[in-house]
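Coordinates in review
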Amino acid sequence: KGAMHVHAGLVFTIRGYNAVLASSDTDEKMCFLPLCHIVERMGGEYNSLYTGARLNFVENPDTVPENVREIAPTQLAAVPRVWEKFYSAITISIKESTLIQQLAYSWAISVGRTVTEQVLAGQPVAWHLKLRFIAARLLVLNNIRKLIGINRCRFIASGAAPISPELIRWYMALGVPMFEAWGMTETCGLSTANSSVGFKPGTIGRPADYNEVRIDADTSEIRVRGKNVFRGYLNQPEKTAETIDVDGWLHTGDIGELRDGFLYITDRKRDFIKLMGGDMISPAKIESLLMAEPEIQQALVAGEGKAGLVALIVPAEGQEAAVPAAVARVNARLAIIERIRRHGVTTPFTIENGLLTPTMKLKRRAALQERAAEVERLGD
């Protein structure tokens with residue numbers, strides 16, 4: 001579907017972007033998502049034109065890790081899969097390091113986590129803890145940031161798919177604020193976001209001032225209204241009428257709730273799994289937890305009409321034997337009905353085989369159809 005935006009709406013939204021996650025002509029940014037995607041078009045290209053930030057184009061998607069270290073951007077927005085890969089590489093590298101290095105990392109990240117929890121709780125950080133955190137950064141954490149390439153970042157951002165709150169806390173423990181945001185092509189990209197003035201891991205932030213966000217009382221669907229909302233789908237008037245109400249409210253298709261001004265998103269309405277007993281389960285939540293484990297590269301959760309959930313797992317390189325323990329760790333954090341009963345190892349989901357979007361989001365329906373035999377063998 002072609003989404004029609006007008007120039008006034010684009011300019012209006014870009015001004016709003018800069019009020020949420022500010023850029024300036026001193027910033028270095030990176031472009032590595034396709035420019036046909038709203039995230040890179042708005043948050044990368046147009047935002048850089050508006051603010052004067054320098055936008056660096058990567059060589060190709062495969063060189064992103066090297067290019068991040070080469071450019072050392074001052075802010076970096078990426079999809080969860082990128083952040084998960086960085087975390088996985090560091091975690092596996094630590095496991096293979098010397099005992100002294102492991103102990104140093106364990107101490108430093110523990111200090112960082114303590115500071116993070118106090119900041120998130122709105123508590124002042126004691127001077128002696130600040131000194132310990134400075135030492136932790138100088139001795140360990142700054143080196144990890146340099147290995148990733150985020151050593152100059154004022155903040156980093158994640159969007160386009162759910163990300164584990166624990167992963168957000170890990171990056172914060174390194175000393176880099178990570179802000180999760182949410183939006184759609186139809187909302188001209190960013191519609192809600194966490195920021196320095198309002199931040200809560202596990203949420204997609206507060207609604208941006210330039211649009212209204214509400215939850216439908218009957219369906220719990222997220223609705224959005226504002227000048228940033230698109231004018232409709234090209235040559236599809238019936239689809240447009242289904243998506244935008246006469247009073248301007250956009251049907252996003254996402255399910256969520258507003259609590260204390262922050263938006264919690266559950267899943268795409270069409271992606272919920274209905275188990276045999278009638279329970280409705282969000283697969284995206286469970287998949288994000290699985291992929292936050294360093295041993296797991298990708299995950300597909302299934303179980304429609306079954307007694308319980310199963311998962312197809314793509315292990316990180318050389319980590320096949322460690323997958324069962326990783327699944328067990330995730331299950332321990334889930335409600336009984338959400339736990340993975342059986343899992344199997346599968347081949348990667350890629351853009352080339354048509355199972356990932358250009359922004360590395362899983363094409364759930366296509367993946368379930370293409371791997372139907374593997375899912376069926378797992379049973380329930």
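Okay, so let's go over this structure. As the structure is a computational prediction, the values presented were derived from the model and not from experiment.

**Brief notes about the packing of aromatic side chains**
Applying the stated rule across the entire model yields eight aromatic pairs. A centroid spacing of 5.9 Å and a plane angle of 35° characterise the contact between Phe155 and Phe179, whose relative ring orientation is tilted. One end of the pair, Phe155, is in strand S5 (residues 155-158); the other, Phe179, is in strand S6 (residues 178-184), and 24 residues separate them in sequence. With respect to burial, Phe155 and Phe179 carry one shared label: buried. When the centroid spacing of 4.8 Å and the interplanar angle of 70° are considered together, the rings of Phe230 and Tyr233 count as edge-to-face. Exposure remark for Phe230: the relative accessible area of 3% places this residue in the buried category.

**Notes on the environment of Val125**
Here Val125 is to be found in the loop between helix H5 (99-120) and helix H6 (127-148). If near-sequence neighbours (up to four positions away) are discounted, Val125 is found in contact with Val115, Gln118, Val119 and Lys130.

**Overview of the sheet that holds strand S17 (residues 309-315)**
The mixed open sheet is built from three strands, whose spatial order is S16-S17-S18. Each end of this open sheet is capped by a strand with a single partner; those strands are strand S16 (296-302) and strand S18 (340-345). Going across the sheet, the axis of each strand differs from the next one's by a mean of 25°, ignoring polarity. With six bridges joining them, S16 and S17 adopt antiparallel strand pairing. The residue bridging Leu300 from the neighbouring strand is Leu312, located in S17. Against the sheet, helix H9 (residues 283-291) touches S16, S17 and S18, its axis set at about 155° to S16. Its contacts with the sheet put helix H10 (residues 323-331) on S16, S17 and S18, and the angle it makes with S18 is roughly 150°.

**A look at the sheet that holds strand S8 (residues 206-207)**
Backbone-to-backbone hydrogen bonds pair the strands of a sheet. The strands run either parallel or antiparallel. Spatial strand order, S4-S5-S6-S7-S8: five strands in an open sheet with mixed pairing. Looking at the sheet topology across the chains shown, the edges are occupied by strand S4 (75-78) and S8. The sheet contact formed by S4 and S5 spans four bridges and is parallel. Paired with Gln75 across the two strands is Phe155, which belongs to S5.

Basis of the calculations
- Residues numbered from 1 in each chain as written.
- Predicted model: local features only at pLDDT ≥ 70, side-chain atom pairs only at ≥ 80, totals over all residues.
- Heavy atoms only, no water.
- Phe/Tyr/Trp six-rings, centres within 6.5 Å; stacked < 30°, edge-to-face > 60°.
- Helix = DSSP H or I, 4+ residues; strand = E, 2+ residues; numbered from the N terminus.
- Buried < 20%, exposed > 50% of the residue type's maximum accessible area, 1.4 Å probe, protein only.
- Contact = heavy atoms within 4.5 Å.
- Pairing = 2+ DSSP bridges.
- Axes fitted to C-alpha atoms, helices over the stretch in contact; angles between N-to-C directions.

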